[in-house]
Amino acid sequence: MNEKFFTKTIVVWAGALICCFLWGSAFPSIKIGYSLFQIESSAIASQILFAGVRFFFAGILAVFIGCITRRKFLVPQKDSWGKILKLSSLQTIGQYIFFYIGLAYTTGVRGSIVEGTNVFVAIFIACLLFRQEPLTSKKIIGSVVGFSGVVLINIAGNSLGGGGMLWLGDLLVFLSTFCYGFSSVLLKRYSAKEDPIVLSGYQFIIGGLIMSLIGFAAGGTLPVVTVPGIVLLGYLAFVSAVAYSLWGILVKYNPISKVAVFGFMNPVFGVILSAIFLDEGSVLGITSIIALLLTSAGIYIVNKNARVD
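Residues numbered from 1 in each chain as written. Predicted model: local features only at pLDDT ≥ 70, side-chain atom pairs only at ≥ 80, totals over all residues. Heavy atoms only, no water.

Which residues make up the pattern of salt bridges, and what are the values?
Across all of its chains, the model carries three salt bridges by this definition. In this structure, E194 and K83 form a salt bridge, with 3.3 Å as the shortest nitrogen-oxygen distance. Of the two residues, E194 sits in the loop between α8 (166-190) and α9 (196-217) while K83 sits in helix α4 (residues 81-105), which places them 111 residues apart along the sequence. For K83, a relative accessible area of 22% corresponds to the partly exposed category. (Salt bridge = Lys/Arg side-chain N within 4 Å of Asp/Glu carboxyl O. Helix = DSSP H or I, 4+ residues; strand = E, 2+ residues; numbered from the N terminus. Buried < 20%, exposed > 50% of the residue type's maximum accessible area, 1.4 Å probe, protein only.)

Here it is in structure tokens:
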């Protein structure tokens, strides 16, 4: 990989936005997937099985793409397996067990705004716990400004809702952000000497296999398997394989704050796509523009502070 290329501002912005669009599309896609496979919100084992199958194939796809682009078969080194297992336990198993179950109890839009807090978590963990970079006032201000855009677009869509078990879903999604924050820091640390595509692909394979076995052992099933369902599952695997591998490359060559702040775009894309495909509230035109401006301003503030020439 060319370090100079992946630290170019245009490359960071374009690559990170592609990742965020793909991840944002996962919010409504997962809800649609539950419907296509007829997985009820109370069927936790089936939700874990569904996630496990997705990530297992995402890992295979990521490794396959890596083998094609690298023109060689990618196999982790002997001392890399421990790192892969740690990443898998956080990034795939921990984060997504909380996320998938949580999303079943909340709306796609509510889930997206809670998930948006992962930017704060990732930056604070990197700066305060692992000391990978300094925590500056610009990073704090940029994070607050960006998150205000996330909150605004959700309020605009009248999507916060209330009642029922939504609080449980929000709590579980929030717990998933901590797994994400720690996995981001570890990915940054490990990718200094490891290929991020190898780390991404194999941690998905291991995590997906473990989640599938847990879900199946707990009685999980995919009640109805159809062609549309398989296609959607394939798309979700594609999202994980491409987005996480690309994100890992960006994190490898840039400060975490410079890349992580783009995570505020995940809920923005998630809100818009959930509103379109799930009919979960409307997104008002002028308010959406203001929210996007706030989010973009937050990203700019943090990136200006962390610029790498």
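After that view of the structure, there is still more to cover.
Give me the lowdown on a nonpolar patch on the surface, citing residues and values where you can.
A cluster of nonpolar residues, F124, L128, L129, L135, I140 and V144, forms a patch on the protein surface that exposes about 500 Å² of accessible area. Of all the secondary-structure elements, those providing two or more residues to the nonpolar patch are α6 (118-129) and α7 (137-156). Broken down by element, the residue count for the nonpolar patch peaks at three residues, all from α6. Within the secondary structure, V144 is located in helix α7. (Patch = residues over 30% accessible without salt bridge, like charges linked within 9 Å, V, L, I, M, F, W, Y side chains within 5 Å. Areas by Shrake-Rupley, 256 points an atom, 1.4 Å probe, with all protein chains shown as cover.)

Lay out the environment of L85 with the relevant residues and their values.
Relative to the helices and strands, L85 is located in helix α4. Here L85 falls in the partly exposed class, since its relative accessible area comes to 46%. When the C-alpha positions of L85 and L199 are compared, they lie 9.4 Å apart, and in sequence the two are 114 residues distant.

Could you give me a rundown of empty space enclosed by the protein, with the residues and numbers involved?
Applying the stated criterion across every chain, the model contains three cavities of 30 Å³ or more. Of all the secondary-structure elements, those providing two or more residues to the lining of the largest cavity are α2 (9-36) and α4. Counting residues per element, the lining of the largest cavity draws most heavily on α4, which supplies four residues. Residue composition of the lining of the largest cavity, grouped by class: seven nonpolar, four polar and two charged. Counted as a void, the second largest cavity has a volume near 30 Å³. In terms of lining, the second largest cavity is formed by Q91, Y180, S183, S184, L187, Y244, W247 and V251. Every element with two or more residues in the lining of the second largest cavity is listed here: α8 and α10 (227-253). The biggest single contributor to the lining of the second largest cavity is α8, with four residues. Here the lining of the second largest cavity is built from residues that sort into five nonpolar, three polar and no charged. (1 Å grid on protein atoms, 1.4 Å probe; cavity = no way out; pocket = protein on both sides within 12 Å on 5 of 7 lines; lining within 4 Å. Points joined across faces, edges and corners; volume = space filled by probe spheres on them. Nonpolar A, V, L, I, M, F, W, Y, C, P; charged D, E, K, R; others polar.)

Account for the packing of aromatic side chains, with residues named and values stated.
Counted by the stated rule, this structure contains 14 aromatic pairs. Here the aromatic rings of F6 and Y253 are separated by 6.0 Å at their centres, their planes lie at 10°, and the arrangement is stacked. Separated by 247 residues along the polypeptide, F6 in helix α1 (residues 3-6) and Y253 in helix α10 bring together distant segments of the chain. Among the residues examined, F6 registers a relative accessible area of 11% and is labelled buried. Y253 sits in the buried class, given a relative accessible area of 14%. A centroid spacing of 5.3 Å and a plane angle of 65° characterise the contact between F204 and Y244, whose relative ring orientation is edge-to-face. Placement of the pair is F204 in helix α9 and Y244 in helix α10, with a sequence separation of 40 residues. Take Y244: its relative accessible area is 4%, and that puts it in the buried class. Cluster of aromatic residues (ring-pair linked, three or more members): F55, Y96, F204 and Y244. Of note, R54 hangs over the ring of Y96, and the distance from its end group to the ring centre comes to 5.8 Å. (Phe/Tyr/Trp six-rings, centres within 6.5 Å; stacked < 30°, edge-to-face > 60°. Lys NZ or Arg CZ within 6 Å of the ring centre and 35° of its normal.)

So what's going on with the nonpolar core? Residues and values would help.
Considering soluble globular proteins, one finds that nonpolar side chains tend to be buried as a cluster. Counting 80 residues, the largest nonpolar core has F50, F99, Y100, M211, W247 and F262 as its most contacted members. Discounting chain neighbours no more than four positions away, the residues touching F50 are G33, Y34, F37, I39, Y100, L222, L233 and L236. (Core = buried A, V, L, I, M, F, W, Y, C linked by side-chain atoms within 4.5 Å. Contact = heavy atoms within 4.5 Å.)

A description of α6 should follow, citing residues and the corresponding values.
In this model, α6 (12 residues) spans 15 Å end to end at C-alpha, consistent with the 16 Å of a helix rising 1.5 Å per residue. When you tally the buried positions in α6, you get nine out of 12 residues, the bulk of the element. Of the residues making up α6, those classed as buried are N118, V119, F120, V121, A122, I123, I125, A126 and C127. R131 lies just past α6 and shows a positive phi near 55°. (Expected span 1.5 Å × (residues − 1).)

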